[in-house]
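If you want the building blocks of each chain, they are given just below.
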Amino acid sequence: LDLRWATDLKPEKYLTAERARVLRDAGAVACALGVESGDPRVLDLIDKGAPIEAVSDVIHHLADAGVAAEAMCFTDFPTETADEAKTTIEFLRAHRAELGVFIVGEFGLTHGSLVAQEPSKFGIDDVWELEGDELGLSLFYEERKASKTARQRRVVEGALEKLSSGFLLRHYPWAGAVSTTHTVLYYDRFGPQVFKDLARIHSRAADPPREADAKFDVLAAMAANARDQSIWSTLVHDRRAVSRELYAKLADAQPLLRPRGRRYHFASNGHVAVAVGRRKNTRPNALG
């Protein structure tokens, strides 16, 4: 059958070179792998069941067969140190040539997980739901001892951003994201290395900085976003409750972000370089 498809797989020893070729011959274009972490201690805590060496082999077998290997990882598993988080990033860097794309999220605690059932075994002192969360989907927790400092988190984020710059993600319709339809279409037409190829082309052919008007002061908008994050942090970690009323009470105490038109230089990667002047304030559109 002339079908192309993609799937998620657990990377285990059974996925040999021969089986990878069978998948490719049957129309497989990409396989997203639950790598989780590149650090052996963290993998043992997760109870992943497959050593990191087996994960490496699976990535190699898929790439060698012409199937795009996608790595799904996360950081911030309870007690994970900054060095262990960087080990995951180093694992991805070491396999960069064989990976189609990758994702690194942040650990989130869910009902029914091993961590939620026995949090003390994972260095967690407290687990709670938010009052007012009617669906009760989210669990929050506090580690017995913080596993990373704020500075260490910034270092990890910087290393991740540097690695990510070698892959191109088209934000809509999400070509270059793990397990999306448009990513599969790109693989099928241009091959499993397409998002690294596009990143190289994009970096060589970057547009010169341009200018555009903005209805808001960009730095003021960034500060407003930081204040919003602070409000949510207070609700989740201090109040442990959410509601429109609680949010409004905290938000009303903050300065408003008002339209303040400015003109900006910006680069082709979307980063604002510098404001070059002001323009007359205008009414914001429906999207603000």
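Residues numbered from 1 in each chain as written. Predicted model: local features only at pLDDT ≥ 70, side-chain atom pairs only at ≥ 80, totals over all residues. Heavy atoms only, no water.

Would you mind going over the sheet that holds strand β2 (residues 28-36) with me for this structure?
Pairing between the strands of a sheet comes from backbone hydrogen bonds, and it takes one of two forms, parallel or antiparallel. Strand order across the open sheet formed by four strands is β1-β2-β3-β4, with parallel pairing between neighbours. Across the chains shown, the open sheet's two edge strands, defined by having one partner strand only, are β1 (5-9) and β4 (99-106). Here the strands of the sheet are splayed against their neighbours by 20° on average, with no regard to which way each runs. Packing against the sheet, helix α1 (residues 17-25) makes contact with β1 and β2, and its axis sits at approximately 135° to β2. (Pairing = 2+ DSSP bridges. Helix = DSSP H or I, 4+ residues; strand = E, 2+ residues; numbered from the N terminus. Axes fitted to C-alpha atoms, helices over the stretch in contact; angles between N-to-C directions. Contact = heavy atoms within 4.5 Å.)

Any chance you could explain the environment of R260 here in plain terms?
Relative to the assigned elements, R260 resides in the loop between α10 (244-252) and β8 (262-266). With 228 residues separating them along the chain, R260 and A32 place their C-alpha atoms 44 Å apart.

Can you walk me through the layout of surface pockets in this structure?
Gaps between atoms show up when a probe of the same size as a water molecule is rolled over them. When its volume is computed, the second largest pocket comes out at roughly 520 Å³. D76, Y141, E143, R153 and H237 are, among the 22 residues lining the second largest pocket, the residues nearest its centre. Going through the elements one at a time, β6 (140-143) and α6 (150-164) are the ones with two or more residues in the lining of the second largest pocket. If one sorts the elements of the lining of the second largest pocket by residue count, β6 sits on top with four residues. When its residues are assigned to classes, the lining of the second largest pocket shows 10 nonpolar, five polar and seven charged. (1 Å grid on protein atoms, 1.4 Å probe; cavity = no way out; pocket = protein on both sides within 12 Å on 5 of 7 lines; lining within 4 Å. Points joined across faces, edges and corners; volume = space filled by probe spheres on them. Nonpolar A, V, L, I, M, F, W, Y, C, P; charged D, E, K, R; others polar.)

Where do I start with the pattern of salt bridges in this structure?
Side-chain pairs of opposite charge can arise whenever the charged atoms involved come near each other. Applying the stated criterion across every chain yields a total of 18 salt bridges. With a shortest N-O distance of 3.5 Å, K10 and E12 are connected by a salt bridge. Residue class for K10 comes out partly exposed when judged on its relative accessible area of 39%. D217 serves as the salt-bridge partner of R260, at 2.9 Å between the closest nitrogen and oxygen. Here R260 is found in the loop between α10 and β8, whereas its partner D217 is found in the loop between β7 (210-214) and α9 (218-239), with 43 residues between them in sequence. The class for D217 is buried, based on a relative accessible area of 8%. Salt bridges here are not isolated pairs; linked through shared partners, they connect D76, E80, K148 and R153. (Salt bridge = Lys/Arg side-chain N within 4 Å of Asp/Glu carboxyl O. Buried < 20%, exposed > 50% of the residue type's maximum accessible area, 1.4 Å probe, protein only.)

On their own, these measurements won't tell you what the molecule is for.
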